[in-house]
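# Results of the structural survey
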Amino acid sequence: MSSKSVQQLDRVVIRFAGDSGDGMQLTGDRFTSETAALGNDLSTLPNFPAEIRAPQGTLPGVSSFQLHFADHDVLTPGDAPDVLVAMNPAALKANLRDLPRGATVIANTDEFTKRNLAKVGYDQSPLEDGSLESWHVHPVALTSITVEALAGFRGLSRKEKERAKNMFALGLLSWMYHRPTQGTEQFLKSKFGAHPEVLEANLAALRAGLNYGETTEDFSVSYEIAPARMAAGEYRNVTGNMALAYGLVSAAHRAGVPLVLGSYPITPASDILHTLSGLKRYGVTTMQCEDEIAGIGAALGASFGGAMGVTTTSGPGVALKSETIGLGVALELPLVVVDVQRGGPSTGLPTKTEQADLLQAMFGRNGESPVAIVAPRSPADCFDTALEAVRIATTYRTPVFVLSDGYLANGSEPWRLPSVGDLPDLTVEFATAPNAVDDDGTPVFLPFLRDEETLARPWAVPGTPGLEHRVGGIEKADRTGNISYDPDNHDHMTRLRAAKIERIAASIPDLEVDDPSGEAKVLVLGWGSTYGPIAAAVRSVRNTGANVARAHLRHLNPFPANTGEVLRRYERVVVPEMNLGQLALLLRARYLVDVRSFTRVRGLPFTTVELADAIVSATQEVTP
């Protein structure tokens, strides 16, 4: 029985950091899975280099994984870590500025060699020069202790043994925060089952870390965080990309059509392709195409053939797909374009987050070519947003953008599994017979004869007897779909396509406002992944006694019907965005309201503190 004390905490933020080859993403992922199994609410922030293997031991090569877990609802991955596990000097230097005074540092002393210190500009070890006196530092020889613990594995080289140091670190942190390890053990068995000695070595390193925490005098306290109160149900940990993939499959099933993905791998969207490629038994066809243009061409062709065509990409890929998206607008076929946004322009910051593709999604095509745009607010919400995108695409026969981003795509949170019966009915009605008669009474099919409510045209599967019709990118004549260069017809069709997108607003909910007092004069309005930081910041400001309202947009084109009325209700509207004010620009143009932008483009999510400061400043500007 341990004699060490156990301290109760309500929350903690841990960041694992090391070289890009140190397995920090795997370590963080396994710690997250065990934390989710215990019932804590959580949010994660993976952060890694764009290079496949960045220079070892350098600042650009640092990879990190941050996890915030608590006994209450968690809205963000945390502003700053309470605990930093630094596997080398570069990891320490790259992350120390984020570490508040008094936080805990666990440093792998084996890597603090003269050569590694020089790589990041340290003249002497910060573990020895007194520069870390403001933090609780635990120097641990993670590498050499791991190698010693694996001394009996004679079939493994020293280098192979050193690779298990991340499992030792995971074991130590699992002891510190009372995390179970059974799930990790099962994971290792499935991963290394074909290599028994490698498997046993990793298991031994994991247990050695647990035992080290229990026996060493350096760690005298361990911590417990009680499970969070959550709605009853079955939960699993899910990333945004995984939730989007599952949402697309579920939506296609509810629509009663096959799902066809045409895609080209691009960071940070590739995991959607990876996930869907393993779901063939659920009516999913995936095509890894030769380029972005081929990917969307295959998806749009699948939609023409009666499937739900989807393509996944990031900002640079959207630029390449723009002509075919315009073709989808002209053909008026359902198509879902998933844009997992990343830092730009051009190649930009491939592994960092941003939400700067809104204007590209809105206007990035030639001619008047409006499309619907929706944006998820959290990793789990990606599932529901995918369902909504498919609903809009199939109901209104239009391309629909899903604007996710790198933060949502790679971040994770607990997701309550929905009942299939609770999912919306998205059943598609294909055209099966002629829908008009010609002058002599003969039945004919008019491919652009529109539904009176939605303005959608019929969706006719090729080969259906009697429904032969022409498609292509040249302007169509109203009703018949024949090629037309008539000026009045072009004006008419252009306005019809725009009106069809506006009709979507009739089928989406009003913009909901969280204004408990009803007396707020400041509204904070967000979209996409700013949801968590905004909610946390508003909660913080309200705790000081200030009245602040909050709202969040899922539908960005068209906006909810009451958006203008909501904006005009408040003296000050603050719009935080990870761009230079793109939503603010659209709102100002559409509603003539003086919204105020608060923007950051650092490749990282907003912090609660910086948003709270901006909100407080806004409350001080309004009339008392």
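Above this text is the structure in question.
The present account deals with the structure reproduced in this document. Worth saying up front: this structure is predicted, and the values here are computed from it rather than measured.

### Some points on the overall build of the protein
Helix and strand content of the protein: 20 helices and 24 strands. C-alpha extents for the protein along the principal axes are approximately 95 × 65 × 45 Å. Considering the protein as a whole, with its 624 residues, one finds that 56% of them fall into the buried category. Sequence-distant contacts, at least 24 apart, represent 76% of the contacts inside the protein between residues at least 6 apart. Approximately 26,300 Å² of the protein is accessible, and the part contributed by carbon and sulfur atoms is 50%.

### Overview of the nonpolar core
Counting residues in each nonpolar core, the largest one holds 87 residues, and the members touching the most others are Leu276, Val336 and Leu556. Considering each element in turn, this core owes the most residues, 9 residues, to helix α14 (residues 381-396). When neighbours within four sequence positions are excluded, Val336 is seen to be in contact with Leu248, Met308, Gly309, Val310, Thr311, Ala389, Val390, Ala393, Val400 and Val402. Counting 39 residues, the second-largest nonpolar core is a separate cluster that includes Leu170, Leu188, Phe192 and Leu206.

### Details of the sheet that holds strand β14 (residues 372-374)
The strand order β11-β10-β12-β13-β15-β14-β22 describes an open sheet built from 7 strands, whose pairing is mixed. Each end of this open sheet is capped by a strand with a single partner; those strands are β11 (284-288) and β22 (555-557). When strand polarity is set aside, the average angle formed by the axes of neighbouring strands in this sheet is 20 degrees. Pairing geometry for strand β10 (residues 259-263) and β11, over 5 bridges, is parallel. Residue pairing for β11: Val260 is matched across the bridge by Thr285.

### Focus: unusual backbone geometry
Across the junction of Gly344 and Pro345, the peptide omega takes the value 0 degrees, indicating a cis bond. Within the secondary structure, Pro345 sits in the loop between β13 (335-341) and α13 (358-363). Along the chain, Asn557 connects to Pro558 via a cis peptide bond; the corresponding omega equals -5 degrees. Inspection of the secondary structure puts Pro558 in the loop between β22 and α18 (563-568). Although it is not a glycine, Leu455 adopts a positive phi angle of roughly 65 degrees.

### Section: the packing of helix α1 (residues 24-37) against helix α6 (residues 165-176)
Put simply, α1 and α6 touch, their axes get as near as 10 Å, and they point 30 degrees apart. Relative to α6, α1 is oriented roughly parallel. The two elements α1 and α6 cross, and the hand of that crossing is right-handed. Residues Met24, Leu26, Thr27, Arg30 and Phe31 of α1 touch α6, and the partners they reach there are Asn166, Met167, Leu170, Leu173 and Ser174. Classifying every residue of the contact of α1 with α6 by side-chain character gives 6 nonpolar, 3 polar and 1 charged.

### Quick notes on the packing of aromatic side chains
Counted by the stated rule, this structure contains 9 aromatic pairs. Geometrically, the ring pair formed by Tyr177 and Tyr223 is stacked, given 5.4 Å between the ring centres and 25 degrees between the ring planes. With Tyr177 in the loop between α6 and α7 (182-192) and Tyr223 in strand β8 (residues 221-225), this pair connects stretches of sequence that are 46 residues apart. Between the aromatic rings of Phe383 and Trp415, the centroid separation amounts to 4.9 Å while the plane-to-plane angle is 45 degrees, which identifies the pairing as tilted. Of this pair, Phe383 sits in helix α14 while Trp415 sits in strand β16 (residues 412-416); the two residues are 32 residues apart in sequence, bridging distant segments of the chain. Accessibility classification places Phe383 together with Trp415 in one group, the buried group.

### A look at the pattern of salt bridges
Scanning all chains against the criterion turns up 20 salt bridges. Its salt-bridge partner being Asp514, residue Arg542 comes within 3.0 Å of it at the nearest N-O pair. Highlighted residues: Arg542 in helix α17 (residues 531-542) and Asp514 in strand β19 (residues 513-514), separated in sequence by 28 residues. For Asp514, a relative accessible area of 26% gives the class partly exposed. A salt bridge links Glu565 to Arg569; the shortest N-O distance between them is 2.9 Å. Counted as one network, the salt bridges with shared partners bring together Arg572, Arg588, Asp594, Arg596 and Glu621.

### Quick look at the sheet that holds strand β21 (residues 549-553)
As summarised here, the arrangement of the 5 strands in space is β19-β21-β20-β23-β24, forming an open sheet in which the pairing is mixed. Each having just a single partner strand, β19 and β24 (596-599) make up the two edges of the open sheet. Across 3 bridges, strand β20 (residues 522-527) lies against strand β23 (residues 572-577) in parallel orientation. Bridged to Val522 within β23 is Arg572. Running over the sheet, helix α19 (residues 582-591) touches β20, β21, β23 and β24 and is turned about 145 degrees from β23.

### A short note on α19
All of the buried residues in α19 are Gln582, Leu583, Ala584, Leu586, Leu587 and Tyr591. Immediately beyond the C-terminal end of α19, within one or two residues, lies Leu592, with a positive phi of roughly 55 degrees.

### So, the environment of Thr394
On the secondary structure map, Thr394 appears in helix α14. Since its relative accessible area comes to 4%, Thr394 is described here as buried. Residues Thr394 and Leu426, 32 residues apart in the sequence, show an inter-C-alpha distance of 8.1 Å. Aside from chain neighbours lying at most four places away, what touches Thr394 is Met308, Pro334, Val428 and Trp459. Within the local environment of Thr394, its side chain forms a polar contact with the backbone oxygen of Val390, the two atoms lying 2.8 Å apart.

Cut-off values and rules
- Residues numbered from 1 in each chain as written.
- Predicted model: local features only at pLDDT ≥ 70, side-chain atom pairs only at ≥ 80, totals over all residues.
- Heavy atoms only, no water.
- Helix = DSSP H or I, 4+ residues; strand = E, 2+ residues; numbered from the N terminus.
- Buried < 20%, exposed > 50% of the residue type's maximum accessible area, 1.4 Å probe, protein only.
- Contact = heavy atoms within 4.5 Å.
- Areas by Shrake-Rupley, 256 points an atom, 1.4 Å probe, with all protein chains shown as cover.
- Core = buried A, V, L, I, M, F, W, Y, C linked by side-chain atoms within 4.5 Å.
- Pairing = 2+ DSSP bridges.
- Axes fitted to C-alpha atoms, helices over the stretch in contact; angles between N-to-C directions.
- Parallel < 35°, antiparallel > 145°, perpendicular 65-115°, else oblique.
- Left-handed = near helix turned anticlockwise from the far one by under 90°.
- Nonpolar A, V, L, I, M, F, W, Y, C, P; charged D, E, K, R; others polar.
- Phe/Tyr/Trp six-rings, centres within 6.5 Å; stacked < 30°, edge-to-face > 60°.
- Salt bridge = Lys/Arg side-chain N within 4 Å of Asp/Glu carboxyl O.
- Polar contact = N/O pair within 3.5 Å; in protein donor to acceptor, adjacent residues only side chain to side chain.

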